[in-house]
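# Analysis of the macromolecular model
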Amino acid sequence: MALAIIQETCPMCGFVFDPSARGCSSGCPLASGCRITCCPQCLYSYPQEGRLAGALRRILGRSKQERR
Amino acid sequence: MSSRENTAAVGSGHSIAAEGLSEGDRARNPSDVVVLVGNPNVGKSALFGALTGKYATVSNYPGTTVEVMRGWATLSGHRTRVLDTPGANGLTPMSEEEQVTRDILLGEAGCTVIQVCDAKNLRRGLLLSAQLAESGVPFILALNMSDEAKARGIRIDCEKLSAALGVPVVETVAVERKGLRALSERLNEARPSRFVARYDATVETAIDEAEALLPRGRGINPRALAVMLLAGDESVRERLAEDLNQARLGGLAQLQRRLAAAYPESVRFVIARQRLAAVDRLYASVCARDQSTQQSPWLARLGAWTMHRWLGLPFLAVVLWLCYQFVGVLGAKVAVDFLEKSVFEDRLVPLFDSLVRAVLPAGGLQQFLVGPSGVPFREHGGFLIGRYGLISMGLSYGLAIVLPIVTTFFLAFSVLEDSGYLPRLAVMVNRLFKWMGLNGKAVLPMVLGLGCDTMATMTARIMETKKERLIVTLLLALAIPCSAQLAVIFAMLAGVGSIAALWFAAAVTLVLFLVGWLAAKVFPGRGSDFLLELPPIRVPQLANLLVKTLARIEWYLREALPLFVLGTLVLFALDRVGAISVLEKALAPVMVGFLGLPKESTGAFIIGFLRRDYAAAGLFAHYQPFIRAGTITRAMEIEVVVALVTVTLFIPCIANFFMMVKERGWKTAAAIMGFIVPFAFGVGGLVNFLMRRFY
């Protein structure tokens with residue numbers, strides 16, 4: 001079974017990258033559990049999907065497949 | 001297992017051809033040296049590992065802290081030394097890493113280059129290919145991650161690309177060792193590229209004249225050196241100073257000045273733009289996308305309008321007005337009214353009140369938690385339900401006031417991101433920043449600050465000089481409201497007149513530019529160029545917008561809500577010991593006398609040290625009944641503007657302060673804090689003074 005490769009596209013510069021290990025956890029002093037993704041190209045950062053957002057994506061993805 | 005050896009910096013006076021090579025490297029035939037070059041994050045290290053196996057040495061490039069990996073591989077049947085260079089977006093360096101990569105090429109006369117390119121981001125890779133072509137080094141192009149590119153509907157015509165560049169093009173997937181045999185076999189076919197990025201006549205003439213003054217026989221050819229020099233690359237000038245006499249150096253400096261005088265922008269920018277145009281033509285001829293990823297001509301035109309020098313401004317005004325309406329009306333009026341009044345005030349607060357009274361006996365603990373019976377909660381000091389109650393204030397501010405406002409703002413922000421407008425906004429802002437002498441890379445932290453100032457402060461690392469980093473950190477802390485605060489600002493301004501809103505916008509913008517301009521004068525640093533690859537303008541997908549907004553809400557709840565609760569506890573404790581009324585009295589000359597605010601706003605300013613948006617929420621809660629009833633007076637509008645200006649100019653939040661400490665050190669962070677707090681009150685007082693006379 002092949003693992004799916006999840007790719008992020010940076011909203012700032014359009015760079016396509018693998019978001020794993022791209023968190024800024026070492027930087028923020030108050031955010032040990034902070035889920036921020038940093039674009040390796042331009043350093044633009046934005047929150048990663050948490051449980052709720054991930055669940056919503058799965059639900060929306062499923063309903064899209066069913067419509068097809 | 002790889003070994004790590006830190007090499008000490010060699011002394012000055014080294015020759016160009018020798019620098020960067022170890023004794024072992026220099027002893028061999030240079031044609032047996034292969035240098036891996038590529039943009040950051042294209043899989044160079046993966047390819048290096050796949051080619052060289054387990055044994056590699058890592059050492060600092062002489063005189064720098066940048067690491068270069070060296071290993072051995074058998075390529076085209078020859079035992080070959082392989083060097084992995086730091087990721088570089090260009091050969092006219094803008095960072096130490098790029099300079100090391102350029103210096104290795106400059107020093108490795110006769111080496112062969114494998115350019116590793118991320119096939120998903122081909123355009124960026126071709127920009128580097130164009131510079132390798134210009135430098136005349138023999139190279140072969142490895143289109144890495146080609147499987148991912150195909151999966152995204154990107155089709156690259158390798159034969160056509162190879163013909164256009166005049167070098168072999170090989171598709172690889174380094175992590176799966178795919179394409180490595182072909183890469184190894186075709187390495188012997190590596191040659192200088194025939195692709196030439198032509199510049200306009202003025203630049204070409206200057207290049208020709210500079211070439212005539214430059215030495216030959218270096219690792220890279222004189223045309224590339226001429227371009228670097230004319231683009232203002234001081235590092236290459238310093239190196240050439242050892243080989244050129246004063247007359248030639250003077251001639252080159254004169255050429256550089258003459259070319260700089262011919263353009264309003266920097267020559268580096270002019271050259272980069274014209275090179276990009278040549279690369280775009282090549283890219284368009286070799287790369288096709290599936291229909292789903294193609295951009296319509298209409299959207300492409302719209303994208304150009306949004307960045308146009310004049311059309312871009314009304315477009316920006318419309319975008320801001322739409323955000324203001326969406327957040328201020330839908331978020332702050334409809335959603336907050338419902339959540340705060342109908343859910344919290346009318347249902348949750350009475351529900352918790354009755355629950356506690358039903359479970360606990362009257363007196364003691366019951367009174368501590370929910371206050372005396374029959375007294376409105378805003379008039380007693382209950383721990384859960386009360387003036388500074390955990391539920392009636394902490395959760396109510398966090399969930400009923402700020403959450404609906406930031407939700408609408410996050411949705412609007414996601415639209416700006418997914419549509420591709422945000423990077424175009426950065427280009428527009430860059431023009432404004434040029435005026436205050438802080439152009440270039442400073443734009444990114446500033447735009448990022450609109451999302452989160454704390455993260456943006458960390459991003460200030462990308463600035464080249466310490467001075468630029470300091471200015472950016474100061475401006476972020478001073479005048480860039482984060483998303484949550486911006487949302488509450490939109491909400492409050494929607495409740496006052498448009499003229500009052502303009503007063504606020506003018507005051508903050510003026511402070512931002514005045515302080516930025518003064519800081520740029522006091523700490524003069526070289527402005528860097530701003531080169532940003534723009535993603536296409538797209539119609540945002542609703543599903544994506546919803547997921548992104550929810551991801552941001554989750555992040556906000558995790559980060560902000562605990563601080564809201566902590567702030568409420570602080571206020572509760574201060575209220576219990578009677579410190580609030582003492583502080584109100586002590587600060588009355590400033591809050592009431594100087595700023596013209598009601599004494600009750602003192603609490604909002606105290607918690608403002610934890611988070612600015614919490615302070616803004618406190619102000620919102622204070623004025624919202626008047627806004628809702630339509631009874632807000634002219635004096636109150638002045639108070640709203642003064643309070644918002646003062647809070648906006650505060651340190652964004654306690655996390656931001658600690659980030660400043662971490663990034664800039666205690667002394668600098670304390671100095672910034674020591675400047676910002678009195679400055680914020682000073683500007684607030686000035687706005688109060690001016691508005692009471694002219695509003």
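## Points about the pairing of strand β2 (residues 33-38) of chain B
All names here are of chain B.
- The buried fraction of β2 is high, at six of six residues.
- Burial of the side chains of β2 extends over both faces: Val33, Val35 and Val37 are buried on one face and Val34, Leu36 and Gly38 on the other.
- Bridge count for β2 against strand β5 (residues 78-84) is four bridges, and the pairing is parallel. Residue leucine 36 lies in a different strand from β5, and its bridge partner there is aspartate 84.
- Where β2 and strand β6 (residues 112-118) come together, five bridges link them in parallel fashion. Note on β6: the bridge partner recorded for valine 37 is glutamine 115.

## So, the packing of aromatic side chains
Residues and elements named next belong to chain B.
- According to the stated counting rule, one finds 14 aromatic pairs over all chains in the structure shown.
- Between the aromatic rings of phenylalanine 410 and tryptophan 555, the centroid separation amounts to 6.5 Å while the plane-to-plane angle is 55°, which identifies the pairing as tilted. With phenylalanine 410 in helix α16 (residues 390-419) and tryptophan 555 in helix α23 (residues 542-576), this residue pair connects regions lying 145 residues apart in the sequence.
- When its relative accessible area of 12% is taken as the criterion, tryptophan 555 is described as buried.
- Three or more aromatic residues link up through ring pairs in this structure, and these residues are Phe368, Phe383 and Phe572.
- Taking the ring centre of tryptophan 298 as reference, the NZ or CZ of arginine 301 above it sits at 5.3 Å.

## Concerning the interface of chain B and chain A
- Each partner contributes residues to the interface: chain B has 42 residues there, and chain A has 36 residues.
- Across the contact surface, chain B and chain A share zero salt bridges.
- Here chain B and chain A share four residue pairs in polar contact (both at pLDDT 80 or more) between them.
- Ranked by the residues each element gives to the side of chain B that touches chain A, the list is headed by α23(B), at twelve residues.
- Residues that form the side of chain B that touches chain A fall into these classes: 23 nonpolar, six polar and 13 charged.

## Focus on the pairing of strand β7 (residues 138-144) of chain B
Residue and element names in this part refer to chain B.
- Of all the seven residues making up β7, six are buried; the element is thus mostly covered by neighbouring parts of the structure.
- Of the pairings in the sheet, the one linking β6 to β7 comprises six bridges and is parallel in character. Pairing of cysteine 117 across the sheet is with leucine 143, part of β7.
- Each parallel crossover has a hand, and for β6 linked through helix α4 (residues 122-135) to β7 it is right-handed.
- As paired strands, β7 and strand β10 (residues 191-192) are joined by two bridges and run antiparallel to one another. Residue pairing in the sheet places phenylalanine 139 in a bridge with arginine 191 of β10.
- As defined by bridge partners, β7 adjoins strand β9 (residues 169-171) across three bridges and the pair is classed as parallel. Within β9, the residue paired with alanine 142 across the bridge is valine 170.

## Let's talk about the packing of helix α20 (residues 466-479) of chain B against helix α29 (residues 666-694) of chain B
Residues and elements named next belong to chain B.
- Running from N to C, α20 and α29 point in directions that differ by 40°, and their axes come no closer than 10 Å. By the criterion of interaxial angle, the relationship of α20 to α29 is oblique. Judged by the sense of rotation from one axis to the other, the crossing of α20 with α29 is right-handed. Facing Leu470, Thr473, Leu474, Ala477 and Leu478 of α20, the residues of α29 in contact are Thr668, Ile672, Phe675, Ile676 and Phe679.

## Here's the deal with helix α26 (residues 612-629) of chain B
Residues and elements named next belong to chain B.
- Counted at 1.5 Å a residue, the expected span for α26 with its 18 residues is 26 Å, and the 26 Å between its end C-alpha atoms agrees.
- Along α26, the largest kink reaches about 45° and is centred on tyrosine 623; proline proline 625 follows within four residues of it.
- What α26 keeps buried is the set Arg612, Asp613, Tyr614, Ala615, Ala616, Ala617, Gly618, Leu619, Phe620, Tyr623, Gln624 and Ile627.
- Residue glycine 630 follows α26 closely and has a positive phi angle near 70°.

## Side note on the nonpolar core
- Core analysis: the largest hydrophobic core is formed by 126 residues, its most contacted members being Cys10(A), Met12(A), Tyr44(A), Ile405(B), Tyr556(B) and Phe620(B).
- Among the elements that take part in this core, α16(B) stands out by supplying twelve residues, more than any other.
- Listed in part, the 67 residues of the second largest apolar core include Leu143(B), Leu165(B), Ala210(B) and Ile220(B).

## Some remarks on the layout of surface pockets
All names here are of chain B.
- Volume-wise, the second largest pocket comes out at about 1300 Å³.
- Leu316, Leu320, Phe490, Ala505 and Thr509 are, among the 39 residues lining the second largest pocket, the residues nearest its centre.
- Those elements giving two or more residues to the lining of the second largest pocket turn out to be α14 (312-359), α16, α17 (421-435), α18 (443-449), α21 (483-493) and α22 (498-522).
- Looking at the lining of the second largest pocket, the element that brings in the most residues is α22, giving nine residues.
- Of the residues belonging to the lining of the second largest pocket, the class tally is 35 nonpolar, two polar and two charged.

Conventions and cut-offs
- Residues numbered from 1 in each chain as written.
- Chains lettered and ligands numbered in written order.
- Predicted model: local features only at pLDDT ≥ 70, side-chain atom pairs only at ≥ 80, totals over all residues.
- Heavy atoms only, no water.
- Buried < 20%, exposed > 50% of the residue type's maximum accessible area, 1.4 Å probe, protein only.
- Helix = DSSP H or I, 4+ residues; strand = E, 2+ residues; numbered from the N terminus.
- Pairing = 2+ DSSP bridges.
- Phe/Tyr/Trp six-rings, centres within 6.5 Å; stacked < 30°, edge-to-face > 60°.
- Lys NZ or Arg CZ within 6 Å of the ring centre and 35° of its normal.
- Contact = heavy atoms within 4.5 Å.
- Salt bridge = Lys/Arg side-chain N within 4 Å of Asp/Glu carboxyl O.
- Polar contact = N/O pair within 3.5 Å; in protein donor to acceptor, adjacent residues only side chain to side chain.
- Nonpolar A, V, L, I, M, F, W, Y, C, P; charged D, E, K, R; others polar.
- Right-handed = clockwise from strand over helix to strand, strands pointing away.
- Axes fitted to C-alpha atoms, helices over the stretch in contact; angles between N-to-C directions.
- Parallel < 35°, antiparallel > 145°, perpendicular 65-115°, else oblique.
- Left-handed = near helix turned anticlockwise from the far one by under 90°.
- Expected span 1.5 Å × (residues − 1).
- Bend = angle between axes of the 7 residues up to and from the residue.
- Core = buried A, V, L, I, M, F, W, Y, C linked by side-chain atoms within 4.5 Å.
- 1 Å grid on protein atoms, 1.4 Å probe; cavity = no way out; pocket = protein on both sides within 12 Å on 5 of 7 lines; lining within 4 Å.
- Points joined across faces, edges and corners; volume = space filled by probe spheres on them.

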